[in-house]
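Coordinate analysis (summary)
One-letter residues, chain by chain:
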Amino acid sequence: MGYSKEAERQNKALESILRGGTPEKRVMVGYNADKGEDKNGKTIESHLTKIMQEARMPWFCPECDKVMKHRLDDKMWRLFGQCFDCQIKEENKLITSLDLFARLSCMALHQTYYKMVG
Ligand SMILES: [Zn+2]
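Here is a short report on the structure shown in this document. (Residues numbered from 1 in each chain as written. Predicted model: local features only at pLDDT ≥ 70, side-chain atom pairs only at ≥ 80, totals over all residues.)

1. Here's the deal with helix α3 (residues 71–80)
What counts is decided by this rule: Residue burial here comes from a neighbour count, namely the number of other C-beta atoms, placed from the backbone, that lie within 10 Å of the residue's own C-beta, with 20 or more meaning buried, 12 or fewer meaning exposed, and in between meaning partly exposed. Helix and strand assignments come from DSSP, with helices taken as H or I runs of at least 4 residues and strands as E runs of at least 2, each series counted from the N terminus. Working definition: the arc comes from the directions between the helix axis and the C-beta atoms, pointing outward to the latter. It is the C-beta atoms, placed from the backbone, that decide contacts: two residues are in contact if theirs lie within 7 Å.
Turning to α3, its buried residues number three or more, namely Asp73, Met76 and Trp77. Angularly, the buried residues of α3 cover 105° about the axis, an arc narrow enough to put them on a single face. With respect to the buried face of α3, the exposed residues turned more than 90 degrees away are Arg71 and Leu79. Looking at the buried positions of α3, the neighbouring elements they touch are α4 (84–96). Positive phi appears at Gly81, one or two residues downstream of α3, with a value of about 75°.

Now the structure itself:
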């Protein structure tokens, strides 16, 4: 009898612990939190989309003050924040600092890349 009383108490304690934590509720909270994250993710995404939409090409390149009007300027501006000429200059600088093998593979990549974006 003493044993069953003890067992009953343990059961009650366990029950109250379980009720305190309420596993079902915890699952619900976890579920809700996940939902919130999804919502936040979407908010951030739409926020970024808005920024992207607002990031229009300025009249002048911030690097060389040249008027940016070329289609490639627009593409380079979106990708690198400067005009096509500046990007080429910068990349040439980078390329000339590389060793021959890296330079060749980089130039091959370049050609593929500009075929893609151009
Ligand atoms: Zn420029």
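2. Examining α4
For the record, the criterion: Multiplying 1.5 Å by the helix residue count minus one yields the expected span of that helix.
Between its first and last C-alpha, α4 extends 18 Å over 13 residues, near the 18 Å set by a 1.5 Å rise per residue. For α4, the full list of buried residues reads Phe84, Cys86 and Gln87. Buried residues of α4, seen end-on, are gathered within an arc of 160° and therefore sit on one face of the element. More than 90 degrees from the buried face of α4, the exposed residues found are Asn92, Lys93 and Thr96.

Purely geometric numbers; function is a separate question.
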